[in-house]
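# Close look at the chain arrangement
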Amino acid sequence: MKRIFRSALTTVSVVALLALAGLAIRSGPAAAEGAHALPAPAVDAPPGPATSAVVVLAGGCFWGVQGVFQHVKGVTSAVSGYAGGDKKTAEYERVSTGRTGHAESVQVTFDPRQISYGRVLQIFFSVAHDPTELNRQGPDTGTQYRSTIFPTNAEQANVAKAYVAQLDQAHAFKKTIVTTIEPDRTFYPAESYHQDFLTRNPRYPYIVINDLPKIEDLKRLLPEVYREAPVLVGGVPSGK
């Protein structure tokens, strides 16, 4: 389902939007998993001299995933965008067709001295999305909403594979994790109106229903990494 959104939001009553959002929620699978208190990865990237590292994560609508990581200590930037397809089709209207190969993604930049890559993955699987939903998240359906890790190097790919295996072996979820690992894919920032959407639109019905609970889950399940003030993107030009 495509979200009710355009670059210029039309003036529609909140009641009508809530009704539409409610219908969207009810169309989702009844067996969707909720937030989980998951163990940390047994295999993690060791600390080194680097002060900055990047990973690209896809877990449904990028508004919520970006919002979660903007509230994580040690994250210096979280930018919404597209990964998995070509630059020429990396724009919202085309990605939303599900035919470009992209996934709505978030480029997470973090300080490995403050938070490890494995810890970032723990947050991703615990509260940012449901890794057992195939090509969908809640009311949103299509390959553009798939659960994917786009590692930036072989070590990240290996840690991600090991963590998925660890969680599946421990039966951390009722269903098998369907997260794909897709290396060597370029990330393209989304249009500026998508950046910081959760923070700028906390009363938007989609955000209230689908995304604000993720922030509360982060605060409840992982209070040691939660920070109240989000790190915001501000104006980010399109990658086009």
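Conventions adopted
Residues numbered from 1 in each chain as written. Predicted model: local features only at pLDDT ≥ 70, side-chain atom pairs only at ≥ 80, totals over all residues. Heavy atoms only, no water. Helix = DSSP H or I, 4+ residues; strand = E, 2+ residues; numbered from the N terminus. Buried < 20%, exposed > 50% of the residue type's maximum accessible area, 1.4 Å probe, protein only. Polar contact = N/O pair within 3.5 Å; in protein donor to acceptor, adjacent residues only side chain to side chain. Contact = heavy atoms within 4.5 Å. pLDDT = per-residue confidence, 0-100. Phe/Tyr/Trp six-rings, centres within 6.5 Å; stacked < 30°, edge-to-face > 60°.

## Here we look at the side chain of His 129
Tracing the backbone through its elements, the reader meets His 129 in the loop between helix H4 (117–128) and strand S4 (136–137). Given a relative accessible area of 6%, His 129 falls into the buried group. Here Phe 124 takes part through its backbone oxygen, which lies 3.0 Å from a polar atom of the side chain of His 129. Within the structure, His 129 has its side chain in polar contact with the side chain of Ser 147 (distance 2.7 Å). In this view, His 129 contacts Ala 58, Gly 59, Phe 124, Gln 137, Ser 147 and Thr 179; residues no more than four positions away in its chain are not counted.

## Here we look at the confidence of the model for the protein chain
Summary statistics for the protein chain give a mean pLDDT of 88 and a share of 84% for residues scoring 70 or more. A low-confidence stretch, residues 236–240 (pLDDT under 50), is modelled with 18 contacts involving residues beyond four sequence positions or located in other chains.

## Side note on the packing of aromatic side chains
Summed over all chains, the structure comprises seven aromatic pairs. For the ring pair Trp 63 and Phe 197, a centre distance of 3.9 Å and an interplane angle of 10° mean the geometry is stacked. With Trp 63 in helix H2 (residues 62–70) and Phe 197 in helix H6 (residues 197–200), the pair connects residues that are 134 residues apart, well separated along the chain. Taken individually, Trp 63 and Phe 197 each receive the classification buried, so the pair is uniform in this respect. Plain terms: the ring middles of Phe 124 and Phe 125 are 5.2 Å apart, the flat faces sit at 65° to each other, and that makes the pair edge-to-face. The class of Phe 124 is buried, set by a relative accessible area of 0%. Through a chain of ring-to-ring contacts, the aromatic side chains of Trp 63, Phe 197, Tyr 204 and Tyr 206 assemble into a single cluster.

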